[in-house]
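Residue-level structural notes
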Amino acid sequence: MDTAKLEFLRGTLDVLILKAMVWGPLHGYAITNLIRRQSDDALLVEEGTLYPALWRLESKGLLEAEWGLSENNRKAKFYRLTAKGRRQLREEVKIWEAYAAAVAKVLGATQPPLPEEIS
Amino acid sequence: MTPAPLWRRYDRLTGSDPATDVKDELHFHLESKVDDLIAKGWRLEDARKEAERQFGNVAALQQAGERMGESMERRRKFREYCAEWLQDVRYTLRTLRNNPGFAAIAILVLALGVGLNTAVFSVVNTMLLRPLPFPQSQQLVWFTGGKSFDAKTRAAGGLSGETYTVDVYREFQRNNHSFQSVTAFQTFYNSLQYKLTGVGEPRELDAVEVAGNFFPTLGVTPILGRNFSEEEMLKGGRPAALLTYSLWKTQFGSDPNVIGKTIDINTSPAAVNGAVTIVGVLPASFDFGAVFAPGKKVDLFVPAVMDFWKTWGNTLGVVGRLKAGVTVAQAQEEADRLFPNLKLQHKDWFYDYASDLTALKEHVAGKLQRSLVVLWSAVGLILLIVCVNLSNLQLSRAATRSKEFAVRRALGASRGRIIRQLLTESLILSFSGSVVGLIIAWAVVYYLSHQSSISLPLLNSIHLDTVALCWTFITAISVGILFGLAPALRISGTNIQIVIKDSAAGMATGRSHERFRSILVVSEIALACLLLVGAGLLLRSFLRVLDVDLGFNPSQAATMQTDLPPATNKDQLIQRANFLKSEIDRVGALPGVESVGISDMLPLDRNREWGLESVGRYHAKGADEGALVYLVTPGYLQAMGMHLIAGRDFSWQDTPDNQPVLIINQAAARREWPGEDPIGKLAYATGKVPVHVIGVVADVRESALEQNSSPEIYVPMTQVADVEGATLVVRSHMNPDNLAKSVVVTLRSLNPSQPANPFRPLQSLVDRSVSPRRFFALLVSIFATLGALLAALGIYGVISYSVTQKAQEIGVRMALGASSGRVQRDVLGRTLRLAITGMALGTMAASGAARLIASLLFATSPWDPIAYAAMATSLIAIALMSGYLPARRASRIQPMAALRSN
């Protein structure tokens, strides 16, 4: 399977970005790296979608940004989860897990469902 | 993440820059990627190319980022602004709480200014600005006849000169092309008397006869039932009536099943008698009196049976509704052609009925326009004075707060920030004042709308509406900015260092403030002066009007509408005369009654016109021959307190069989028999038979106190049957209320169905006639008083403050030997200088403005010295009074204490 072709489901990118930042502030480049490595190179976040998503989250108040120095001593914009962002992440994770479980159940089924009981 | 080094933190010092931020952020990303690729063994060139390839369209991303960054920036600024504003509000509330005296005075003064403004705006809005309460009311046009007569003749013609005959009305209706419909109502609504019987005590009803298309033309639909049918408009048709909302509510308890019920209505002389069917109820919003007859209360409407009225003279008031797209001017043009043409076809018409067509709105309110504008300006002046006053108060507070502001500025608050804070403060004050003002306005409007004794059109329909609320809102904002801006600019502009250093150097700013405040006070006095002159002139006019010799004596006399038996032939006329005589005799015999008489109409009320032409004299063709006519009984002249100059009064011997007689007024004598004694002369007045003039009475102001008398004729009710109602006039030194009962009882002993009509003092006619003038004079006087009081407050504030500031100086002077009297005189002198400067400016403005109100004045010159003198005296008195307290304080300054205190 071509990893680069793994398309993000709608809304998935946001929750991944939020998740990426639970361990501390990150700049955009680090976020792509983190998601790529965390997914064993399965998920590649393109710059063209990453930055708009970051700015959107920032303007919604889920992230806040600050300029700082990167590990290679360059000026970089670091994003950090806000309290609101943390709450949002918890919500999204819950929803995502429920959704994934439901999809998995359907896809993993080996036989048609039993006829519904008519009471 | 490593925190940015200190210098990095300041590279956005000049403000945020979203574009650079985005560029930097994306640049960093590219560089990092290139680094990674190099680390994997790529060559620099290739690594850069690869990174850019992976990145895709940088420019587009950059643009999107800038857009988002900017909008975020805007939102952030807005949030900050709101936060600052909230901070200002909190701060203001805290300051005001610490200074409740100032807050209370400011809010009260503002409330008065804004409240009166809103109230007057409601009046102006209802009477001038808002359209009449009819759909597409701009299409409604009022017809005023007699265009071809000169102004004097027109005024003398009274109502008869402006109204139309049935024939003229019908012909115009048939032949015009400008109007969707033309309708009419019977203006002589008292010639038929309506009496409600069978529901409680017999009650007199005020009814108006209207044409069948009257309500459809106005666009008024009954809320219950229907309009008159064709059949009901015909002679002999089923009698029908439409109730007004108020009668339906009060007399019928809002009974929804009232339609189809009959009420007994006795009318005299003839038309309807007996059962009248209620066919509909009109909406509450329709108020006939408000539009067509200010102050008149109408209970019901009945059909004007045109076939009944067609033999009568000019009695119809005509209203038309223009076709869509036709202007009043176009309709006027058509009418100018049509009326003379119609006259050519109808030789029997009295004259050509050339008419002035005016928008109904203008007919209703046009005459009031100037008065209302004056009222509005007066209340605007009040508001200006309020603003100036508050500016002044703010400045005097600024003196004590200057250190606070200096410290804030020293700590980094920008000048704009301080101005904003001060404006927030003044806006909060003006809005709180406006809220209280709305309560005042509501009360004033409520009071005015319940004044039935003021005959102003639409007065009863004034109320506070959304437009008035918007007006208040706009006023509040502009007042807040107006009175806040000047002090804010001055306070924020003061030199920080000087203030902080305090000490004597601070006096420099004090002085400059003081000069500015003096200018404010001078302008305040000038405005008050303007108001006082205006009020003085209007009051003088009002008093002059009251001084007019009416030609009758309104005090100690009262009037009451009475029933009259119908009289269509000679026998009935004689019967009626006997009935009248016994009525008058019996009422006259009541204890305390001095004289009694009956007339069909009273002066200063409605009137009608017949002709008067002396016999045997040359009358130029087209010469004015109209005369207002009053049908009276013997004793009426005496009961009214009119002056019989020559000849005799009527007597009960002036029966239909004896020679027909007539009494005329001086104006009629001057016109018909100039330089001659009219007694015993013959004239055509009441019919084909010439009548003898037996008496001359002094002129009576019959249409308005301000208007000279027109020719009048008095006709004995014992000889002529054609009455327009009947009003009993009783002259007695007793209180009318005590007399009312015995008079009604006496009348009922002769006529059991006599309704218990109200017994009105004759004076009320005069009061009613002058009520609009009184209304305006009173309001403007109240405003002027208020303005003067506010000016006094301003003077007091400035002088008192300057005394405090100069305490030390005064102390030195007193130590050097100045007497306390001298100090007091100095302070008062300064007060007077301010007052006189203000008055000089005000007088100049007033003499300009007085010309504008000249048309509202009566027998008073716009340069009336008494009005100006009164203004000057009262302003100087006010100035001295408000300067006296600070002056006394100055004279009591202990030199030693003052010198030590600093």
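Small disclaimer: the values here were computed from a predicted structure and weren't measured. (Residues numbered from 1 in each chain as written. Chains lettered and ligands numbered in written order. Predicted model: local features only at pLDDT ≥ 70, side-chain atom pairs only at ≥ 80, totals over all residues.)

1. Some points on the overall build of chain B
When you go through chain B residue by residue, the secondary structure sums to 27 helices and 25 strands. Relative to its length of 902 residues, chain B is extended, with a C-alpha radius of gyration of 39 Å against a globular reference of 29 Å. If one aligns the C-alpha atoms of chain B with their principal axes, the spans along those axes are about 135 × 90 × 55 Å. When burial is assessed residue by residue, chain B has 43% of its 902 residues classed as buried. Across chain B, the fraction of contacts at a sequence separation of at least 24, relative to all contacts at a separation of at least 6, is 82%. (Helix = DSSP H or I, 4+ residues; strand = E, 2+ residues; numbered from the N terminus. Rg over C-alpha atoms; globule rule 2.2 N^0.38 Å. Buried ≥ 20, exposed ≤ 12 C-beta atoms within 10 Å, placed from the backbone. Contact = placed C-beta atoms within 7 Å.)

2. Structural notes on the overall build of chain A
Check the secondary structure of chain A and you find four helices and three strands. Each helix and strand of chain A, ordered N terminal to C terminal, gives the series α-β-α-α-β-β-α. Classification of the 119 residues of chain A by burial places 24% in the buried group. Nonlocal contacts in chain A, meaning residues at least 24 apart in sequence, comprise 48% of its contacts between residues at least 6 apart.

3. A short note on the confidence of the model for chain B
Residues and elements named next belong to chain B. Taken over all residues, the pLDDT of chain B has a mean of 84, while the share at 70 or more is 92%. Within chain B, the element-level pLDDT minimum falls on helix H1 (residues 6-9), averaging 52, and the maximum on helix H20 (residues 636-640), averaging 93. Both scores are given for the predicted complex: the pTM is 0.74, the ipTM 0.83. (pLDDT = per-residue confidence, 0-100.)

4. Focus on the packing of helix H19 (residues 570-588) of chain B against helix H22 (residues 736-750) of chain B
All names here are of chain B. Orientation of H19 relative to H22, taken along the N-to-C sense of each, is 150°, at an axis distance of 10 Å. The handedness of the crossing between H19 and H22 comes out as right-handed. Residue-level contacts link Phe-579, Ser-582, Glu-583, Arg-586 and Val-587 of H19 to Val-743, Thr-746, Leu-747 and Leu-750 of H22. (Axes fitted to C-alpha atoms, helices over the stretch in contact; angles between N-to-C directions. Left-handed = near helix turned anticlockwise from the far one by under 90°.)

5. As for the interface of chain B and chain A
The interface is formed by 21 residues belonging to chain B together with 21 residues belonging to chain A. For the side of chain B that touches chain A, the secondary-structure elements that each account for two or more residues are strand S1 (2-3), helix H2 (18-39) and helix H4 (58-98) of chain B. With eight residues, H2 of chain B is the single largest residue contributor to the side of chain B that touches chain A. Its residues assigned to classes, the side of chain B that touches chain A shows nine nonpolar, six polar and six charged. (Nonpolar A, V, L, I, M, F, W, Y, C, P; charged D, E, K, R; others polar.)

6. A look at the packing of H2 of chain B against H4 of chain B
Residue and element names in this part refer to chain B. Interaxial distance between H2 and H4 falls to 8 Å at its minimum, and their mutual angle equals 135°. Judged by the inter-axis angle, H2 sits oblique to H4. Judged by the twist between their axes, the crossing of H2 over H4 is right-handed. Counting all contacts with H2, which are made through Pro-18, Ala-19, Asp-21, Val-22, Lys-23 and Leu-26, the residues of H4 involved are Val-58, Leu-61, Gln-62, Gly-65, Glu-66, Gly-69, Glu-70 and Glu-73. (Parallel < 35°, antiparallel > 145°, perpendicular 65-115°, else oblique.)

7. Observations concerning unusual backbone geometry
Its identity as a non-glycine residue notwithstanding, Asp-41 of chain A has a phi of 65°, on the positive side. Backbone geometry places Ser-254 of chain B, a non-glycine residue, at a positive phi of 55°. Inspection of the secondary structure assignment puts Ser-254 of chain B in the loop between helix H9 (245-252) and strand S9 (262-268).

8. A closer look at the nonpolar core
All names here are of chain B. The biggest cluster of nonpolar side chains holds 230 residues, and the ones touching the most others in it are Ile-525, Cys-529, Leu-662, Val-730 and Leu-875. No other element matches the 19 residues that helix H23 (residues 763-805) contributes to this core. Apart from the residues lying within four places of it in its own chain, the contact partners of Leu-875 are Ile-525, Ala-528, Cys-529, Leu-532, Ala-788, Ala-835 and Met-839. (Core = buried A, V, L, I, M, F, W, Y, C linked by C-beta atoms within 7 Å.)

9. Points about H4 of chain B
With 41 residues, H4 of chain B extends 59 Å from end C-alpha to end C-alpha; this agrees with the ideal 60 Å at 1.5 Å per step. Those residues of H4 of chain B not exposed but buried are Leu-61, Gly-65 and Gly-69 of chain B. (Expected span 1.5 Å × (residues − 1).)

10. Looking at the domain arrangement of chain B
How big an interface is tends to be stated in terms of the accessible area lost upon association of its parts. We note that the domain assignment places domain 1 (16-89), domain 2 (146-354), domain 3 (369-547 + 768-900) and domain 4 (557-761) within chain B. Placing a centre on the C-alpha atoms of domain 2 of chain B and another on those of domain 4 of chain B gives a separation of 27 Å. (Domains from an automatic or database assignment.)

11. Overview of the pairing of strand S3 (residues 179-186) of chain B
Residues and elements named next belong to chain B. Most of S3 sits inside the fold, with six of its eight residues counted as buried. Here seven bridges tie S3 to strand S12 (residues 316-322), and the two strands are oriented antiparallel to one another. Across the sheet, Phe-185 pairs through a bridge with Gly-317, a residue of S12. (Pairing = 2+ DSSP bridges.)

12. Quick look at H19 of chain B
Residues and elements named next belong to chain B. Given a rise of 1.5 Å per residue, 19 residues ought to cover 27 Å, and the 26 Å separating the end C-alpha atoms of H19 matches this to within 8%. All of the buried residues in H19 are Ala-577, Leu-580, Glu-583, Ile-584 and Val-587. One side of H19 carries all its buried residues, which in axial view fall inside an arc of 130°. Elements in contact with the buried residues of H19: strand S15 (593-599), strand S24 (727-732) and H22. (Arc of directions from axis to C-beta.)

13. A closer look at the environment of Ser-181 of chain B
Residue and element names in this part refer to chain B. Residue position: Ser-181 is located in strand S3. Residue classification places Ser-181 among the partly exposed residues on the basis of 16 C-beta atoms within 10 Å. Residues within four places of Ser-181 in sequence aside, it is in contact with Asn-213, Thr-217, Gly-320 and Arg-321.

14. A look at the environment of Val-291 of chain B
Residue and element names in this part refer to chain B. If you trace the backbone, Val-291 turns up in helix H10 (residues 288-292). C-beta crowding within 10 Å serves as the criterion here: with 24 such atoms nearby, Val-291 is assigned to the buried category. Residues Val-291 and His-363, spaced 72 residues apart in sequence, show a C-alpha to C-alpha distance of 9.1 Å. Among all residues touching Val-291, those that are not within four sequence positions of it are Leu-132, Val-364 and Pro-457.

15. A look at the environment of Ala-30 of chain A
By the secondary structure assignment, Ala-30 of chain A is in helix H2 (residues 28-38). Residues Ala-30 of chain A and Ser-70 of chain A lie 40 residues apart in sequence; the distance between their C-alpha atoms is 9.6 Å.

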